[in-house]
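Commentary on secondary and tertiary structure
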Amino acid sequence: MSVTGGSEWLWLPHVHWAEFIALYLFLGGTAGGAYVTSSWASLMKSLMDTDSWLGKILLARTDDEEHRYSCAETARWGSVLSVLSIAVGGVALLSHLGAPLRALTFPVLFTNFGSWLTIGTWVIVLFTIVAALETLWLHFGSAVATESGLSLFPRKILGRIDSLGPWSTDRGIVWLLDTVADKTRPPSRAHGAIRLVGGALSLLLIAYTAMLLSDISVVPLWNRTYLPFIFLLSGVSTGISAALLGTVASGGALTRTNHRFCLTDDAIIVVELVAIGLLVSFLGNSSDVAANVTETALFDTYGLEFVGGVLILGTGLPVALSITVTMLHQFTDVGETPWGRRLLTGGYALKYTLVLLGGFLLRYVILMAAVKTPLGVPGL
Amino acid sequence: MAVEEDHWVFYFDPNRCIGCHACSISCKQFHGRDADADDWRTVTHHEKGEYPEVAEVPVSMSCMHCHDAPCAEVCPTEAIEKRDSDGIVTVDQDACIGCKYCGWACPFGAPTYGDNGLMSKCNMCLDQGPGSGAGAESKNEQDDPIQPNCVSDCVGDAIKAGPQREIIKEASQAAAERFQSNDGRVVVEPFRGEENLDMVEHAATPEHAGD
């Protein structure tokens, strides 16, 4: 235990979590946000497919094939990225533990249901099951076999493995997954209900990463009032960005799907910036000396990451970029020329990439700039 | 199940501490910990005043075996236990996953993590070595409870340990009041300055007893 003396305050050690946990918090939030994005895109697509009155109100048009394609791509990208994110995040989390293999026995070992780590573990498990099923149903099955799109890369990779393997390609991994998907795919209403459950688990997954931190009352930066709200907004924003970055790569940058998600993302980022501002204001006005030291750490020690990475590159610039690209797209004829389309596509891709970078740096700074409330030395 | 007043607590008097580090060295030696391992008991030095009127306040600190034990509250596996029998907080390393959540939750920075990544900390010398003490006999059931080594090796009687009802009798009124108002975690005497280094006015008087 290393502690720092020398003044009226006794400062406590606090660097217990670093890059790997920041990565896990980021990927956990992104996984939840990507699933929500996937479910929303699936809902829009189903409204178009059924040509319902609700679809006409919400979408204005239900005959836009580009929109339909982008919705399908966004839904697939969102689901597969949610699974990949939580898988990589899970590995990052386990690699940080002192006894990772022991943690895998969580159904038996994790008995304290008052701990957010136990609650979070079960949320992760349930979320992963729902997200994996959604990915299976969106990427496999006889109906999907004839579709095309970059988001179907899991089929292509597994198809490639099938062609290299000693088994028959007619009875390979893709065939097996197609069969399982067809046999397990629920009816439309039941599928919608599962997506609702998945959506609730997604939001819980994002929020839990903040509840885990804000349960620590001796760290002013991990404030229970602001942090869950900030993480929730950031998680949904990075999830939208991850899924729509895929849609942009699939050629859907100039579709109404991307346009709408991009504007939604912008609105979320603006609210997130306000919430971050409120947290910083709280730190500045707090009587806790650790809060004041944290504020200094945010703008000094971690100024490059917080101001440069989170506030400018990760939130401010993406919104400015989004507005600029949207204005060019909607109110000029830039999108009519090949180079103009490339320019707009690149603009959207850059925006989403920056949001993802900002989302990671936000978690990194929230961990690294955290300062524990020091102990008052008796008599000083 | 023992009542809270039978739970063991630490007492520290900075007026009696000479900052010699005997407590932290004896702790490390008793538990067979490497010289470069993190200390379960630390001694820090704090200055008061400005030259030439400077006084130094040494602070010896370890796990305080808090009544509310925030580390145990967040532990997912319940490897950390606040024992009902004597109030000592122990860790069962066979159940610890090394998540370091307790390290964040502890208001005193007590949990340390060794090369195996698992948590270890002061166990009031219930037993020797990291992870020991879980399941050990209650101090309150021992005929002649063994004092923690930091207590027995302190040259100035600055550190004491024992059931709360006994320790609080030795505390000044100010220390007892602060103990009651600060979640009942540790009894610390206020620093009175150089003039009181040799003679501390304790409040072990009938009217203050049991405060």
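Here, the structure is the one placed above.
Throughout what follows, the structure given in this document is the object of discussion. None of the values given here were measured: they were computed from a predicted structure. (Residues numbered from 1 in each chain as written. Chains lettered and ligands numbered in written order. Predicted model: local features only at pLDDT ≥ 70, side-chain atom pairs only at ≥ 80, totals over all residues. Heavy atoms only, no water.)

1. Re the overall build of chain B
Short version of the rule: Each helix is a run of H or I in the DSSP string that is no shorter than four residues. Each strand is a run of E no shorter than two, and both are numbered from the N terminus. With the radius of gyration taken over C-alpha atoms, the globule rule is written as 2.2 Å times the number of residues to the power 0.38. Note on exposure labels: buried denotes an accessible area under 20% of the residue type's maximum, exposed denotes more than 50%, and partly exposed covers the range between, all computed with a 1.4 Å probe on protein chains only. A contact between two residues is defined here by any heavy atoms of the two lying within 4.5 Å. Accessible surface is estimated by sampling points in the Shrake-Rupley manner with a 1.4 Å probe; for residues, cover comes only from the protein chains shown. Counted as positive: Lys and Arg. Counted as negative: Asp and Glu. His and the chain ends are not counted at all. By convention, the point assigned to a charge is CZ for Arg, NZ for Lys, CD for Glu and CG for Asp.
The secondary structure content of chain B amounts to 6 helices and 9 strands. The globule rule puts the C-alpha radius of gyration for 211 residues at 17 Å, and the 17 Å found for chain B is close to it. The dimensions of chain B, computed from C-alpha atoms along their principal axes, are 50 × 40 × 30 Å. Put simply, chain B has 211 residues, and 57% of those count as buried. Long-range contacts, defined here as pairs at least 24 residues apart, represent 62% of the contacts in chain B between residues at least 6 apart. A total accessible area of about 9,200 Å² is found for chain B, and carbon and sulfur atoms account for 46% of it. Treating the 16 positive side-chain charges of chain B as one cloud and the 39 negative ones as another, the clouds have centres 1 Å apart.

2. Notes on the pairing of strand 3 (residues 55-61) of chain B
Residues and elements named next belong to chain B. What counts is decided by this rule: By definition, two strands form a pair when at least two bridges between them are found by DSSP.
In terms of burial, strand 3 is a largely internal element, 6 of the 7 residues being buried. Pairing analysis gives 7 bridges linking strand 2 (residues 42-48) to strand 3, with the strands arranged antiparallel. Residue pairing for strand 3: histidine 45 is matched across the bridge by proline 58. The antiparallel pairing of strand 2 with strand 3 creates a hairpin that spans 6 residues between the two strands, and glycine 49 there sits at a positive phi of about 85°.

3. Description of the pattern of salt bridges
Opposite charge on two side chains permits pairing when their charged atoms draw close. All names here are of chain A. This is how the line gets drawn: Definition used for salt bridges: Asp or Glu carboxyl oxygen within 4 Å of a side-chain nitrogen of Lys or Arg.
If you walk through the whole model with that rule in mind, you get 18 salt bridges over all chains. The partner of glutamate 65 in a salt bridge is arginine 68, with the nearest N and O atoms 3.3 Å apart. Here arginine 68 and glutamate 65 lie together in helix 3 (residues 65-96), a separation of 3 residues that amounts to about one turn. Note that glutamate 147 and arginine 76 form a salt bridge whose closest N and O atoms lie 2.7 Å from each other. Of this pair, glutamate 147 sits in the loop between helix 6 (116-139) and helix 7 (153-164) while arginine 76 sits in helix 3; the two residues are 71 residues apart in sequence, bridging distant segments of the chain. Note on glutamate 147: relative accessible area 35%, which makes it partly exposed.

4. A look at the nonpolar core
Short version of the rule: Throughout, nonpolar core names a set of buried Ala, Val, Leu, Ile, Met, Phe, Trp, Tyr and Cys residues whose side chains join them through atoms within 4.5 Å.
Ranked by internal contacts, the top residues of the largest apolar core, which has 99 residues, are Trp17, Leu213, Ile216, Leu221 and Trp222 of chain A together with Ile80 and Tyr101 of chain B. In terms of residues, this core owes the most to one element, helix 14 (residues 338-368) of chain A, which gives 10 residues. If we ignore the near neighbours within four places in the chain, the residues touching isoleucine 216 of chain A are Trp222 of chain A together with Val74, Tyr101, Trp104 and Ala105 of chain B. Leu375 and Val377 of chain A together with Met64 and Cys106 of chain B belong to the second-largest nonpolar core, a separate cluster that totals 33 residues.

5. With respect to the interface of chain A and chain B
Here is the rule: When two components associate, each loses some accessible surface as probed by a 1.4 Å sphere; the sum of these losses over both components is called the buried area. Counted as a polar contact is a pair of N or O atoms within 3.5 Å, where, for protein atoms, one must be capable of donating a hydrogen and the other of accepting one, and residues adjacent in sequence contribute only when both atoms are in side chains. Residue classes follow a fixed rule: Ala, Val, Leu, Ile, Met, Phe, Trp, Tyr, Cys and Pro count as nonpolar, while Asp, Glu, Lys and Arg count as charged, and any other residue, Gly among them, counts as polar.
Chain A puts 43 residues into the contact, and the matching count from chain B is 48 residues. Here chain A packs against chain B, burying approximately 3,400 Å² in sum over the two surfaces, 64% of which is carbon and sulfur. Applying the counting rule to chain A against chain B returns 0 salt bridges. Scanning the region where chain A abuts chain B turns up 19 residue pairs in polar contact (both at pLDDT 80 or more). For the side of chain A that touches chain B, the secondary structure elements donating two or more residues are strand 1 (9-10), helix 4 (100-103), helix 6 and helix 9 (188-214) of chain A. When residues in the side of chain A that touches chain B are grouped by element, the largest group, 3 residues, is from helix 6 of chain A. Taken together, the residues that form the side of chain A that touches chain B break down as 26 nonpolar, 14 polar and 3 charged.

6. Looking at the pairing of strand 8 (residues 159-163) of chain B
All names here are of chain B. Of all 5 residues in strand 8, 5 are buried, a share of seventy percent or more. In the sheet, strand 1 (residues 8-12) pairs with strand 8 via 5 bridges, with the strands oriented antiparallel. Residue pairing in the sheet places tryptophan 8 in a bridge with proline 163 of strand 8.

7. A look at the sheet that holds strand 1 of chain B
Spatially, 3 strands are ordered 8-1-9 (chain B) in an open sheet, and the strand pairing comes out mixed. Of all strands in the sheet, those bounded by a partner on one side alone are strand 8 and strand 9 (187-188) of chain B.

8. Observations regarding the state of the cysteines
Residue and element names in this part refer to chain B. Selection rule: Cysteine sulfurs are considered disulfide-paired once they come within 2.5 Å of each other.
What the rule picks out here adds up to 0 disulfides over all chains. No disulfide involves cysteine 75; its sulfur sits 6.4 Å from that of cysteine 99, the nearest cysteine. For cysteine 125, which is in no disulfide, the shortest distance to another cysteine sulfur is to cysteine 150 and amounts to 6.1 Å.

9. Overview of the packing of helix 11 (residues 256-285) of chain A against helix 14 of chain A
Each pair of packed helices can be summarised by the angle the axes make with each other and by the distance between the axes. All names here are of chain A. To keep things clear, this is the line we draw: Here an axis means a line fitted to C-alpha atoms, over the contact stretch when the element is a helix, while the angle between two N-to-C directions is reported on a 0 to 180 degree scale. Our angle categories are set so that under 35 degrees counts as roughly parallel, over 145 as roughly antiparallel, 65 to 115 as roughly perpendicular, and the remainder as oblique. Note: crossing handedness is left-handed where the near helix turns anticlockwise from the far helix by less than a right angle, and right-handed where it turns clockwise.
In the contact formed by helix 11 and helix 14, the axes pass within 12 Å of each other and the chain directions differ by 30°. Taken together, the axes of helix 11 and helix 14 are roughly parallel relative to one another. For the pair helix 11 and helix 14, the sense of crossing is left-handed. Counted together, Asn258, His259, Cys262, Asp265, Asp266, Ile269, Glu272 and Ile276 of helix 11 and Tyr348, Lys351, Tyr352, Val355 and Leu362 of helix 14 form the full contact between these two elements. Residue composition of the contact of helix 11 with helix 14, grouped by class: 7 nonpolar, 2 polar and 4 charged.

10. Section: the packing of aromatic side chains
The geometry of an aromatic ring pair is captured by two quantities: the separation of the ring centres and the angle between the planes. What counts is decided by this rule: Only Phe, Tyr and Trp rings take part, Trp by its six-membered ring, and two of them pair if their centres are within 6.5 Å. Stacked means planes under 30 degrees apart, edge-to-face means over 60, and tilted covers everything else. Counting as a charge over the ring demands two things of the Lys NZ or Arg CZ atom: a distance within 6 Å of the ring centre and an angle within 35 degrees of the ring normal.
As enumerated under the stated definition, the model contains 13 aromatic pairs over all chains in all. Seen in terms of ring centroids, tryptophan 17 of chain A and tryptophan 104 of chain B are 5.9 Å apart; in terms of plane orientation they differ by 50°. Their pairing is tilted. With one member in each of two chains, tryptophan 17 of chain A in the loop between strand 1 and helix 1 (19-50) and tryptophan 104 of chain B in helix 3 (residues 101-105) form a pair that bridges those chains. Residues tryptophan 17 of chain A and tryptophan 104 of chain B agree in their burial class; the two are buried. Members of the aromatic cluster, each reached through a chain of ring pairs, are Trp17 and Trp222 of chain A together with Tyr101 and Trp104 of chain B. Positioned over the ring face of tyrosine 113 of chain B is lysine 100 of chain B, at 5.3 Å from the centre of the ring.

11. A few points about a nonpolar patch on the surface
Let me state the cut-off plainly: Distance thresholds for patches are 9 Å for like charges and 5 Å for nonpolar side chains (Val, Leu, Ile, Met, Phe, Trp, Tyr), applied to residues having over 30% relative accessible area and no salt bridge.
The grouping of Trp53, Leu54, Ile57 and Leu58 of chain A at the surface amounts to a nonpolar patch, some 450 Å² of accessible area in total. Following the sequence through the fold, isoleucine 57 of chain A ends up in helix 2 (residues 53-59).

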